[in-house]
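# Structure assessment
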Amino acid sequence: MSTVMIVDDSKTSRYMLRSILVQNGYEVIAEAENGQEGFDKYCELNPDFVTLDITMPVMDGLETLVKIKEYDEEAKVIMVTASGQKKKMLDAIKLGAADFVTKPYETSQIISIIESIL
């Protein structure tokens, strides 16, 4: 069973993602509400992949992505963001994100992306 960490400042978004992932056989080993907490937990737990929101307090998703990739260049990170942030999504791909998904998302879209990166 693949392990995942969800990093998002929205409790509702974390809950929705957790439900989708658990129902599809993934083990959510951690959640974080900001980028710094997400980076610290990544270093501690080394999940198989991460879902990472872009817009967060303390440290945003792009900064967090850079730190995670510096720590582990093989890290698999899926960026999650609201629609209308196309430039940030392109920046995330350039910085090493495996893929991205835009809110609101479909379960099939998320699972398809996860399967393609694992």
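The present account deals with the structure reproduced in this document. All residue numbers refer to positions counted from 1 along the written sequence of the respective chain. For a predicted model such as this one, the threshold for reporting local features is a pLDDT of at least 70, and the threshold for listing and counting side-chain atom pairs is 80 or more; totals across whole chains, interfaces and linings nevertheless cover every residue. The side-chain figures draw on all heavy atoms in the structure; neither hydrogens nor water molecules are used.

### A short note on the pairing of strand S2 (residues 27-32)
Consecutive residues of a regular strand have side chains that alternate between opposite faces of the sheet. Worth spelling out the cut-off: Should DSSP find at least two bridges between two strands, the strands are regarded as paired. Only DSSP runs of H or I with at least four residues qualify as helices, and only runs of E with at least two residues qualify as strands; both kinds are numbered from the N terminus onward.
Here five bridges tie strand S1 (residues 3-7) to S2, and the two strands are oriented parallel to one another. Paired with Met5 across the bridge in S2 is Ala30.

### Describing the packing of helix H1 (residues 11-23) against helix H5 (residues 107-117)
To keep things clear, this is the line we draw: Lines are fitted to the C-alpha atoms to define the axes, a helix being fitted only along its stretch in contact, and any angle between axes, read from their N-to-C directions, falls within 0 to 180 degrees. Crossings are sorted by hand: turned counterclockwise from the far helix by less than a right angle, the near helix makes the crossing left-handed, and turned clockwise it makes it right-handed. Contacts are assigned to residue pairs that have any heavy atoms within 4.5 Å of one another. Residue classes follow a fixed rule: Ala, Val, Leu, Ile, Met, Phe, Trp, Tyr, Cys and Pro count as nonpolar, while Asp, Glu, Lys and Arg count as charged, and any other residue, Gly among them, counts as polar.
It is at 11 Å that the axes of H1 and H5 come closest, and there the two elements cross at 65 degrees. The element H1 and its partner H5 pack so that their crossing is right-handed. Contacts between H1 and H5 involve Leu17, Ile20 and Leu21 on the former and, on the latter, Thr107, Ile110, Ile111 and Ile114. Among the residues making up the contact of H1 with H5, the classes are represented as six nonpolar, one polar and no charged.

### Quick word on the nonpolar core
Definition in use: For our purposes a nonpolar core is just a set of buried Ala, Val, Leu, Ile, Met, Phe, Trp, Tyr and Cys residues, chained together by side-chain atoms within 4.5 Å. Exposure is judged per residue with a 1.4 Å probe applied to protein chains only, and the accessible area is read against the type maximum: over 50% gives exposed, under 20% gives buried, and values in between give partly exposed.
By size, the foremost hydrophobic cluster in this structure holds 20 residues, and its most contacted members are Val7, Val50, Leu52, Leu65, Val77 and Met79. When contributions to this core are tallied by element, the ones reaching two or more residues are S1, S2, helix H2 (35-45), strand S3 (49-53), helix H3 (61-71), strand S4 (77-82) and helix H4 (86-94). A total of three residues in this core trace back to one element, the largest contributor, which is H3. The contacts of Leu65, once residues within four sequence positions are left out, are Leu52, Val77, Met79, Ala92, Leu95, Gly96 and Ala97. With 17 residues, the next largest nonpolar core counts Val101, Ile110, Ile111 and Ile117 among its residues.

Such coordinate-based values are descriptive only and should not be taken to indicate function.
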